[in-house]
Amino acid sequence: MKTYEIAVVHGDGIGPEVCQAAIDVLKATPVANALSFVEYPAGAGHYLKVGNAFPPETHAGCTKADAILHGAAGIPGVTYPDGTETGIEFGLQLRFQLDLYANVRPIKLRPGVTSRLRDRKTGDIDYVILRENTEGLYAARGNGVNLRDELAVDSLVVTRKGIERICRAAFELARKRNGAPGDGKRRVTCCDKANVLRTYAFFRKVFDEVGEHYPDIEKDYAYADAMTVYLLERPEHYDVIVMENMFGDIMSDLAAATVGSMGMSPSSEIGDHHGFFQAAHGSAPTIAGQNIANPYGTILSAGSMLQWLGERHNDPRLIDAADLIERSVEAAMMAPDGLTRDLGGRATTSGVTALVVKGLANGVATAAQ
Ligand code: ATP
């Protein structure tokens, strides 16, 4: 039986708590014996200890692993001399070094969770933000200029290859989905500022070119500023939304809040050869160490990891286990003590993790009882 090595980086803040929750859940699945976990250090805490937020052994371990699971990283104030944060070095560098170009962020209003948007119920919000993950404004990280402390410049970089592959991934994803909740239409929305900057106008042009190969999928457009309103006013219109790196970062935080909380949202960062899985949220230092962080986003990311590994290695055991995690999470959310504080409940991190584990042990059905 094939086994899969998972590189685990716990990180900072709530990272270790939510990462451990995901590992506990993975170990409760029927494929537990097919997974081996190898821990590596990275993040702001590690930088404080040894002066390096992303050591070479962590890079090597992540590169050779079958998949990478991460909690979250970053401690406010632990910065490089240029003022940028050390903690996010790991995640950002990994994206560029392993070419993890597609950051897939599902936004789904799940059963048992109340949306902050009035009158939205389960099934009304179900779309995916596809964030280009290796180019855009964040590609300038570490390469910008601060001239005599009088002038600072970062550049927004996009390439034809980069736009083509993320747009192709968006249309392919739309083909696998059931369309937008509002009208059932398969749709890919290009979110940009094509009206202001050449880079975004180019992004839209290439989006259109790629879209021509997908006549079965509706092409749709929104400027990023208007998008912040549309995601609140008509989330049911959206199916797959593709955007540049920084817009994807910002927009997915806003979107997560509409389906409960930042803690809810899983994220997969996928390239042609590697996959990196962590929740969409950061290290939330103000709630760290209190057993109150919402672990669902990281647990769902671990489920996406099994799905990705299963498809990649043609291993249906992993795909079934991913489905089991998803169902067990939804059953836990509907249980009387299934919601953490950020979702309006009183459950603890360990409490909801135990519910998911119990659901897995019982084949899901009894978790909601
Ligand atoms: P980053 O830039 O590293 O992504 P961020 O600045 O977006 O981080 P987060 O750490 O994601 O910030 O926190 C944003 C807000 O969401 C904070 O109020 C935080 O407490 C809350 N939050 C984030 N993750 C969780 C979680 N898992 N459970 C509960 N609340 C969370």
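Definitions and limits used
- Residues numbered from 1 in each chain as written.
- Predicted model: local features only at pLDDT ≥ 70, side-chain atom pairs only at ≥ 80, totals over all residues.
- Heavy atoms only, no water.
- Domains from an automatic or database assignment.
- Contact = heavy atoms within 4.5 Å.
- Buried area = accessible area lost by both parts, 1.4 Å probe.
- Salt bridge = Lys/Arg side-chain N within 4 Å of Asp/Glu carboxyl O.
- Polar contact = N/O pair within 3.5 Å; in protein donor to acceptor, adjacent residues only side chain to side chain.
- Helix = DSSP H or I, 4+ residues; strand = E, 2+ residues; numbered from the N terminus.
- Nonpolar A, V, L, I, M, F, W, Y, C, P; charged D, E, K, R; others polar.
- Axes fitted to C-alpha atoms, helices over the stretch in contact; angles between N-to-C directions.
- Parallel < 35°, antiparallel > 145°, perpendicular 65-115°, else oblique.
- Left-handed = near helix turned anticlockwise from the far one by under 90°.
- Pairing = 2+ DSSP bridges.
- Core = buried A, V, L, I, M, F, W, Y, C linked by side-chain atoms within 4.5 Å.
- Buried < 20%, exposed > 50% of the residue type's maximum accessible area, 1.4 Å probe, protein only.

Turning our attention to the domain arrangement of the protein chain. Domains assigned within the protein chain are domain 1 (1–99 + 268–369) and domain 2 (115–259). One C-alpha centre belongs to domain 1, the other to domain 2, and the line joining them spans 24 Å. With 13 residues of domain 1 at the interface, the matching set in domain 2 holds eleven residues. Among the residues domain 1 hides against domain 2, the three largest losses belong to Arg 95, Phe 96 and Asp 99. Together they make up 51% of the total. Where domain 1 touches domain 2, the interface holds two salt bridges. Put simply, Glu 89 and Arg 141 hold a salt bridge, and the shortest N to O gap is 2.7 Å. Summed over the shared surface of domain 1 and domain 2, the result is four residue pairs in polar contact (both at pLDDT 80 or more). At four residues, helix H4 (residues 89–97) tops the list of elements feeding residues into the side of domain 1 that touches domain 2. In terms of residue class, the side of domain 1 that touches domain 2 is built from five nonpolar, one polar and seven charged.

A separate point is the packing of helix H1 (residues 15–27) against helix H9 (residues 296–312). Helices that pack against each other are described as a pair by the angle of their axes relative to one another and the distance between those axes. Put simply, H1 and H9 touch, their axes get as near as 8 Å, and they point 50° apart. The angle between H1 and H9 falls in the class oblique. When the axes of H1 and H9 are compared, the crossing they make is right-handed. Contacts between H1 and H9 involve Val 18, Cys 19, Ala 21, Ala 22, Val 25 and Leu 26 from the former and Thr 298, Ile 299, Ala 302, Met 305 and Leu 306 from the latter.

Within the open sheet, the ten strands sit side by side as E2-E1-E3-E12-E11-E4-E5-E10-E8-E9. Their pairing is mixed. Here the strands that pair on one side only, and so sit at the sheet edges, are strand E2 (35–39) and strand E9 (218–223). Strand-to-strand twist across the sheet, computed as the mean angle between neighbouring axes with direction ignored, equals 25°. Across three bridges, strand E4 (residues 102–108) lies against strand E11 (residues 268–270) in antiparallel orientation.

Here we come to the nonpolar core. In this structure, Ile 6, Leu 69, Tyr 127, Tyr 296 and Leu 306 are the most contacted members of the largest nonpolar core, which totals 61 residues. Ignoring sequence-local partners within four residues, the contact set of Tyr 296 consists of Gly 263, Met 264, Val 329, Ala 332, Met 333, Gly 338, Leu 343, Val 352 and Val 356. Core analysis: the second largest hydrophobic core is formed by 22 residues, Leu 130, Ala 170, Val 210 and Tyr 214 among them.

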